[in-house]
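# Per-entry structural report
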Amino acid sequence: TSLALATTLAVSALIPVQAEVTETTVNWTREQVSKIELNEDNTLPYLDISKLEKFTEDYHIWDSWPLTDRDGNIASIKGWKVLFALSAPNDVLPGKVHDIATIRYFYSKNGKDWTLGGTLFPEGASLGSREWAGSAMTDDGKIHAFYTATGHRGQEPLTFEQRLAMATGDIVVDSKGVRFENWGDHKIILEPDGKYYQTREQALQGEGGGYAFRDPMWFKDPKTDKEYILFEGNSGGAVGDRTFKQEYAGSTEYTSENPVPAGAVHANGNIGIAEVVDGDPSNLKMLPPLLEANYVNEELERPHIVVKDNKYYLFLDTHINKYAEGLQGPEGLYGFVSDTLIGGYEPLNESGLVLANPPENPYQAYSWLVLPNLNVVAFAHFGDIGDMSIDDIGHQSEEYQFEHFGGTLPPTVKLSIKGDTTKIVKEFSPGWIK
Ligand code: FRU
């Protein structure tokens, strides 16, 4: 027996202890991105925006999201659907729109003809100096409105600090339409921790590279009934702290043919997730990111999940110019699929690309959001903005002036999904929500 024991000890000393699998964050790799190809299943039809009717005369609008119920289905409030959108008066310069973004809402009985209701919040109530994208959920006659509080009220000059915020109010429906009243206090519900999610201070320590902590999206997991907020972030740490890991790039076969340029270190986009504690949407427990694109892409925007056939479909938007050095991809909607909410995500269509603008109009639309029935809403650029996207312009100043500029809603498109492949199957009228 002593020999047997000695052998066991000797053998176990040789076998490394299998580390408990706690790594749940998935990488979107350079190798996967290198497989991006535009084809008829993912490329949007060319849109002649001059023929598009403006969604509203007085405002540019861009990111939009419908009111949902707690389970994520599109809500019907006494027969009314509600759509929220970032907006700015249409007479401001393009460079300004992100600096004064305000959430406005529209309501409709048929999900097609929308009436502007006004601003979501009363003037001066929201946190931040402007409101960026979020989501909204209704339960028991209340609205829980999530948004990004960007900057700080009254601050000069403006900063890009981003915090996740929310407020709860009452939904009122009468013969005049839909409105929101009796708002409670606005609360900051999540800020970056510096470990999983980069803080603004860390972002400022490295030149270039992204900083995002925004776009809170409500999600209830139908398999477990647990509730979450997904958001857009960047991996924690300053640029100098980030060391390359092979798993960011893919296989060694791939990297031996395609070495990773040093400049790729600036890309560190991720998709964040936080769990709702005790059913209170303002009480969140931060979790490690669902997905990271280190050395791959610096902005994974407006993340959201649709559950279909017992699988989790995770979607995000990104821009042409947010890919890391050495990689290319279109302005597009990208997606991943997994059998579990956390971990296991594989890119759809091998590369992740789900919807791309047509090459002849690369900045045609942006900010796609996949609804539970696989209809996809987005916004289109109204007018000629050259080769820039609305986000680039937003981060520039008044020096960029485009006469015919604005955002409006493009045709809604319908996706079909089979396992890990997707396809555009249909187009509906602009802003159509079923
Ligand atoms: C996407 C986006 C969002 C952000 C908003 C700001 O178009 O960049 O991530 O909340 O625009 O205008």
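Residues numbered from 1 in each chain as written. Predicted model: local features only at pLDDT ≥ 70, side-chain atom pairs only at ≥ 80, totals over all residues. Heavy atoms only, no water.

### A word on the nonpolar core
Ranked by size, the top nonpolar core spans 92 residues in total, and within it W28, F84, I143, F180, L291, Y345 and L355 carry the most contacts. The element best represented in this core is strand β3 (residues 81-89), accounting for 6 residues. (Core = buried A, V, L, I, M, F, W, Y, C linked by side-chain atoms within 4.5 Å. Buried < 20%, exposed > 50% of the residue type's maximum accessible area, 1.4 Å probe, protein only. Helix = DSSP H or I, 4+ residues; strand = E, 2+ residues; numbered from the N terminus.)

### Some words on the layout of surface pockets
Empty space among the atoms can be located by rolling a probe the size of a water molecule over them. Reported here for the second largest pocket is a volume of approximately 430 Å³. Forming the walls of the second largest pocket are 24 residues, and the residues nearest its centre are D71, G72, N73, I305 and P372. Along the lines of polarity and charge, the residues of the lining of the second largest pocket split into 15 nonpolar, 5 polar and 4 charged. (1 Å grid on protein atoms, 1.4 Å probe; cavity = no way out; pocket = protein on both sides within 12 Å on 5 of 7 lines; lining within 4 Å. Points joined across faces, edges and corners; volume = space filled by probe spheres on them. Nonpolar A, V, L, I, M, F, W, Y, C, P; charged D, E, K, R; others polar.)

### A short note on unusual backbone geometry
In this chain, E156 is followed by P157 through a cis amide linkage whose omega measures -10°. The topology assignment puts P157 in the loop between β7 (142-150) and β8 (162-174). For K78, which is not glycine, the phi torsion reads 45° and is therefore positive. With respect to the element layout, K78 can be found in the loop between β2 (59-69) and β3. Even without being a glycine, D278 presents a positive backbone phi close to 55°. Structurally, the position occupied by D278 is in the loop between β13 (268-277) and β14 (280-294).

### Details of empty space enclosed by the protein
Counted under the stated rule, the structure contains 4 cavities of 30 Å³ or more. Reported here for the second largest cavity is a volume of approximately 110 Å³. In this structure, the second largest cavity is lined by 14 residues; those nearest its centre are L44, Q364, P410, P411 and V413. Per element, the largest residue contribution to the lining of the second largest cavity is 3 residues, and it comes from strand β21 (residues 375-381).

### Considering the pattern of salt bridges
For the coordinates displayed, the defined rule picks out 15 salt bridges. Close ionic contact of R70 with E227 constitutes a salt bridge, the shortest N to O distance being 2.7 Å. Here R70 is found in the loop between β2 and β3, whereas its partner E227 is found in strand β12 (residues 227-234), with 157 residues between them in sequence. Judged by relative accessible area, which is 9%, E227 ranks as buried. Here E232 ties to R214 by a salt bridge, and the two come within 3.2 Å at their closest N and O atoms. Taken together, the positions of E232 in strand β12 and R214 in strand β11 (residues 214-220) put the pair 18 residues apart, joining distant regions of the chain. (Salt bridge = Lys/Arg side-chain N within 4 Å of Asp/Glu carboxyl O.)

### Looking at the side chain of T199
Tracing the sequence through the fold places T199 in the loop between β10 (187-190) and α3 (200-205). Residue classification places T199 among the buried residues on the basis of a relative accessible area of 14%. Sequence-distant contacts of T199, defined by excluding residues within four places in its chain, comprise P192, D193, G194 and Y211. (Contact = heavy atoms within 4.5 Å.)

### Let's talk about the pairing of strand β15 (residues 301-308)
Within β15, 6 of the 8 residues are buried, which leaves it mostly tucked inside the rest of the structure. Across 6 bridges, β15 lies against strand β16 (residues 311-318) in antiparallel orientation. When the sheet's bridge partners are listed, V307 is paired in β16 with Y312. (Pairing = 2+ DSSP bridges.)

### Quick notes on the sheet that holds β14
One open sheet accounts for 5 strands, arranged β1-β14-β13-β12-β11; its pairing is mixed. At either end of the open sheet lies a strand with only one pairing partner, and these are β1 (26-27) and β11. The pairing of β12 with β13 spans 7 bridges and is classified as antiparallel. Pairing of I229 across the sheet is with A274, part of β13.

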